[in-house]
Amino acid sequence: MSTAQERPNQPLQYLNGRINLLQLKEHFKGTFLDLVSSQSTGSKALVWDKQLLSPLNLIVEYSSLRERSVDHMFHLDTEFVVNSDIPCYVFVVRDDYSVIEMLARIALKCKSSLAAGSMTFSLIFIPRKSTVGLRLLQDLGAVHLFKKIESLHIDLIPLDSDILSMERPIDFRECFVEELTDLSYEVSKSLMTLQALYGPFPRVFAKGRWSCHVCDTVKRMIRLVDKSFTSQPSQIDAVVLLDRTVDLITPLVTPLTYEGLVDELFGINYTVTQLPADRFPEDEGKGNKQKKVTLNSSDELFTDLRDLHFASVGGYLSRRAKNLNVVMDERHIAQSVSQLRVFVAKIPHIQVTKRSLGLHTTLAELVKEVIDDVAFSELKSQEQKFLEEVDHDRINDYIEKLIGRQGDIKSILRLICLQSQVGNGLKIKVFEHYKREIIHAYGVQHIVTFHRLESAGMLRIQQQASKTYSSLRRSLKLTRQVDVRNAEDIAYTHSGYAPLSVRLIEQLIVKPGVGPISWKRVDDSVMRLIPGPHTEFSPRSEQEGVDTTNEGQKLILVYFIGGVSFGEISALRFLSQTEDSIANFIIATSRLNNGNKLMESMLSTRTS
């Protein structure tokens, strides 16, 4: 019997947008199933690394595994015990030190059975095995106990019709603090997978050091494939690669879209958020403290709600509820059999809509309880002051108050980093004061936290007076007055702040009727102020461009290396829906991020 559970099956039509991302899912699913089947022809058990359960649940269903003679599934943890009646175990794991240590202990306990051939162990690393990991397994004396050790390269996972993500938990730190090349290699491989399935990209644009490095890697990879590769038709018109360090401001600011707030307050992981079960009457008596809710385009109501500013959510839900009541009342006025038949046909959709309305009404209430609190209002007010360059050059009283109250350190660090970003660094007196106060209040381990934030460029000491943010704010209209209920600009996503990253894409792509897409479209002064080099190339030929004068929207893949926020995703969707837009967007990323997740990846938890 399986001890590893999967989410309920859902219809997969939501993956079929401008391009069919179901094709990518099926590619990974087929590769995984073939690899599992090759381990043994008979009955087998899969043992899952817990961290891989959520992504692989989005790729492969248990019913498909059963067809490949997978009769048992287990979690890999300290309580896992091998059953001698199962002849073949296939371990599906990450290349992680603690996981490999656990594998070695399990294998060594079963050494006699494995040596006798009465049982076999196989090992599949996702996304790839490393020399370091194999060496560790060898040093622990267990590498020879595994019949097969293989890799399965699953990178970008389709989360929705326009979102692909690797969901690497410390992606930003890997790249911009530890300077590891693993992530850039995985991004390069993922781009090659997309080109194999959807055709070579006519043009690739990159801004940032790691994005330019990915371009160079992809060029080398293309040279190694068959020449016919570049002659295939392409479904994607252009790719824009952006380092997260191109815009470090946006992930620090709290988005005010519906989906952005749900992610900020409750977290969304692999399209699932967890909410207090006691707020949902249908879950009473089940004994669960948390209710898991899937949020993607399979929910028609959520598709309409997700990108709205939260101020518009209540009115929208009210209108939908009234419309539903009108439809329900049709049963009272139906007088003929044909009219009744029409109403009966609507019942399944009515029931789905009613459940969805109940869910999102409760979820909106949970969000509203938080954002109506004084603490949230004060936080947003301080963010807005920094964005408008008010009192950003001195020790901030509100930050001082939060530290004195032992507030959430992630929120405090976000504000300090935001102050640093808009001021082109902190004055040395301000920097040292914040650092000293954080260490005194939260522990000496945060010396390392500050070092990481400095290494990534999120925090820095001001070397000279500079107006970088001021200039960008003016040139790109980063702050402006907006009517959040009748949005006419992407700044609605953060109540008056337009994500810098999306403004850059707007400059690059959305300008109509000015010839092929090129970095030359963006003002030189803007390109100089935004950190990192830039480049562009064509996998087909250096002369090929993306013409924006043709009719119809172009399909643009925007790939964020180091994470993207839901606020930025909503802004890109808004751009594609404007009257003069020439682009539709698919968003790819190493992680769906927010400020709290970003800070959590930078925090040091070691106290000695």
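About the criteria used
- Think of each chain on its own: its residues are numbered from 1, step by step along the sequence as written.
- Since the coordinates come from a predicted model, pLDDT governs what is reported: local features require at least 70, and pairs of side-chain atoms require 80 or more to be given and counted, while whole-chain, interface and lining totals use all residues.
- Each side-chain value is derived from all of the structure's non-hydrogen atoms; neither hydrogens nor water enter the calculation.
- Orientation is described by lines fitted to C-alpha atoms, with helices fitted over the stretch in contact, and by angles between N-to-C directions that extend from 0 to 180 degrees.
- In this description a helix means any DSSP run of H or I spanning at least four residues, a strand means any run of E spanning at least two, and both kinds are numbered starting from the N terminus.
- Throughout, the term roughly parallel applies to angles under 35 degrees, roughly antiparallel to angles over 145, roughly perpendicular to angles from 65 to 115, and oblique to all others.
- Crossings are assigned a handedness: left-handed for a near helix turned anticlockwise from the far helix by less than a right angle, right-handed for a clockwise turn.
- Contacts between residues were defined by any pair of non-hydrogen atoms, one from each residue, lying within 4.5 Å.
- Buried residues are those whose accessible area, probed at 1.4 Å on protein chains only, stays under 20% of the maximum for their type, while exposed residues exceed 50% and partly exposed ones sit between those limits.
- Under this definition, polar contacts are N or O atom pairs within 3.5 Å; protein pairs additionally need one hydrogen-donor-capable and one acceptor-capable atom, and for neighbouring residues in sequence, both atoms have to be side-chain atoms.
- Put simply, two rings from Phe, Tyr or Trp (the six-membered ring, in Trp's case) pair if the centres are within 6.5 Å, and we call them stacked under 30 degrees between planes, edge-to-face over 60, tilted for the rest.
- For a Lys NZ or an Arg CZ to count as sitting over a ring, it must be within 6 Å of the ring centre and within 35 degrees of the ring normal.
- Two strands qualify as a pair provided DSSP detects at least 2 bridges between them.
- Here pLDDT means the predictor's own confidence in every residue, given as a number from 0 to 100.
- Cavities and pockets were defined on a 1 Å grid built from protein atoms only: a cavity is a group of points that admits a 1.4 Å probe but offers it no way out, a pocket is an open group of points flanked by protein on both sides within 12 Å along at least five of seven lines, and a lining residue is one with an atom within 4 Å of any such point.
- Grid points are joined across faces, edges and corners, and a volume is the space filled by probe spheres set on the points.
- Disulfides are defined in this document as cysteine sulfur pairs within 2.5 Å.

1. Structural notes on the packing of helix H1 (residues 22–37) against helix H8 (residues 182–198)
Part 1 of the argument: Contact geometry of H1 with H8 gives a least axis separation of 11 Å together with a crossing angle of 110°. The pairing of H1 with H8 is recorded here as roughly perpendicular in orientation. For the pair H1 and H8, the crossing hand works out as right-handed. On H8, the residues touching Gln23, Leu24, His27 and Phe28 of H1 are Thr193, Leu194, Leu197 and Tyr198.

2. A few points about helix H24 (residues 595–602)
Part 1 of the argument: Taken across its 8 residues, H24 has 7 buried, putting it largely inside the fold.
Part 2 of the argument: Tucked into the core, H24 has its buried residues touching helix H7 (171–176), helix H10 (258–266), helix H17 (409–422) and helix H19 (446–455).
Part 3 of the argument: N-cap assignment for H24: the residue whose side-chain oxygen lies 3.0 Å from the backbone N of Asn596 is Asn594.

3. Let's talk about the side chain of Thr589
Part 1 of the argument: Topologically, Thr589 is positioned in strand S14 (residues 583–589).
Part 2 of the argument: Here the side chain of Thr589 touches Phe560 through a polar contact of 3.3 Å, landing on its backbone oxygen.
Part 3 of the argument: Of note is the side chain of Thr589, whose polar atom sits 3.4 Å from the backbone nitrogen of Val564.
Part 4 of the argument: When neighbours within four sequence positions are excluded, Thr589 is seen to be in contact with Leu156, Leu164, Ser165, Met166, Tyr559, Phe560, Gly563 and Val564.

4. Quick look at the packing of aromatic side chains
Part 1 of the argument: Using the criterion set out here, one finds 15 aromatic pairs in the structure.
Part 2 of the argument: Considering the side-chain rings of Phe205 and Trp519, the 6.3 Å spacing of their centres and the 90° angle between planes classify their relative orientation as edge-to-face. Of the two residues, Phe205 is situated in strand S8 (residues 204–207) and Trp519 in the loop between helix H21 (500–510) and helix H22 (524–529); the sequence distance between them amounts to 314 residues.
Part 3 of the argument: Here Phe205 falls in the buried class, since its relative accessible area comes to 0%.
Part 4 of the argument: Of the residues examined, Trp519 reaches a relative accessible area of 5% and is grouped as buried.
Part 5 of the argument: Among the aromatic side chains, those forming a connected cluster through ring pairs are Phe74, Phe80, Tyr89, Phe91, Phe121 and Phe146.
Part 6 of the argument: Positioned above the aromatic ring of Phe280, the side-chain terminus of Lys291 is 5.4 Å from the ring centre.

5. Regarding the side chain of Glu61
Part 1 of the argument: Summarising the element assignment, Glu61 is placed in the loop between helix H2 (50–57) and helix H3 (62–67).
Part 2 of the argument: We classify Glu61 as buried; its relative accessible area is 15%.
Part 3 of the argument: In this structure the side chain of Glu61 is engaged in a polar contact, spanning 3.0 Å, whose partner is the side chain of Lys25.

6. Comments concerning the sheet that holds strand S4 (residues 120–125)
Two orientations exist for strands paired in a sheet by backbone hydrogen bonds: parallel and antiparallel.
Part 1 of the argument: With parallel pairing, 5 strands are arranged side by side in an open sheet as S2-S1-S3-S4-S5. This sheet does not close on itself; its edge strands, each paired only once, are strand S2 (70–76) and strand S5 (146–151). In this sheet, adjacent strand axes meet at a mean angle of 20° when their direction is disregarded.
Part 2 of the argument: Pairing of strand S1 (residues 44–49) with S2 involves 6 bridges; the strand directions are parallel. Residue pairing for S2: Ala45 is matched across the bridge by His72.
Part 3 of the argument: Along the sheet face, H2 touches S1, S2 and strand S3 (88–93) and points at about 105° away from the line of S1.

7. Brief notes about the sheet that holds S8
Part 1 of the argument: Taken in spatial order, the 7 strands make up an open sheet running S6-S7-S14-S13-S9-S8-S12, and their pairing is mixed. A single partner strand is all that each edge strand has here, and the edge strands are strand S6 (157–160) and strand S12 (534–537). For this sheet, the mean inter-axis angle between neighbouring strands, taken without regard to orientation, is 20°.
Part 2 of the argument: Across 4 bridges, the pairing between S8 and strand S9 (residues 238–243) is parallel. Bridging across to S9, Lys207 finds its partner in Leu242.

8. What to know about the confidence of the model for the protein chain
Part 1 of the argument: The predicted model of the protein chain has a mean per-residue pLDDT of 89, with 90% of residues at 70 or higher.
Part 2 of the argument: Predicted confidence for residues 1–9 stays below pLDDT 50, and this span has 27 contacts to residues more than four positions away or in other chains.

9. A few points about empty space enclosed by the protein
Part 1 of the argument: This model, assessed by the stated rule, comprises 3 cavities of 30 Å³ or more.
Part 2 of the argument: Forming the boundary of the largest cavity are 14 residues, of which Glu259, Thr271, Leu295, Phe566 and Leu592 lie nearest the centre.

10. Remarks on the state of the cysteines
Part 1 of the argument: Evaluation of the coordinates by the stated rule reveals 0 disulfides.
Part 2 of the argument: As a non-bridged cysteine, Cys215 has Cys212 as the owner of its nearest cysteine sulfur, 6.1 Å distant.
Part 3 of the argument: Classification of Cys215 as buried rests on a relative accessible area of 1%.

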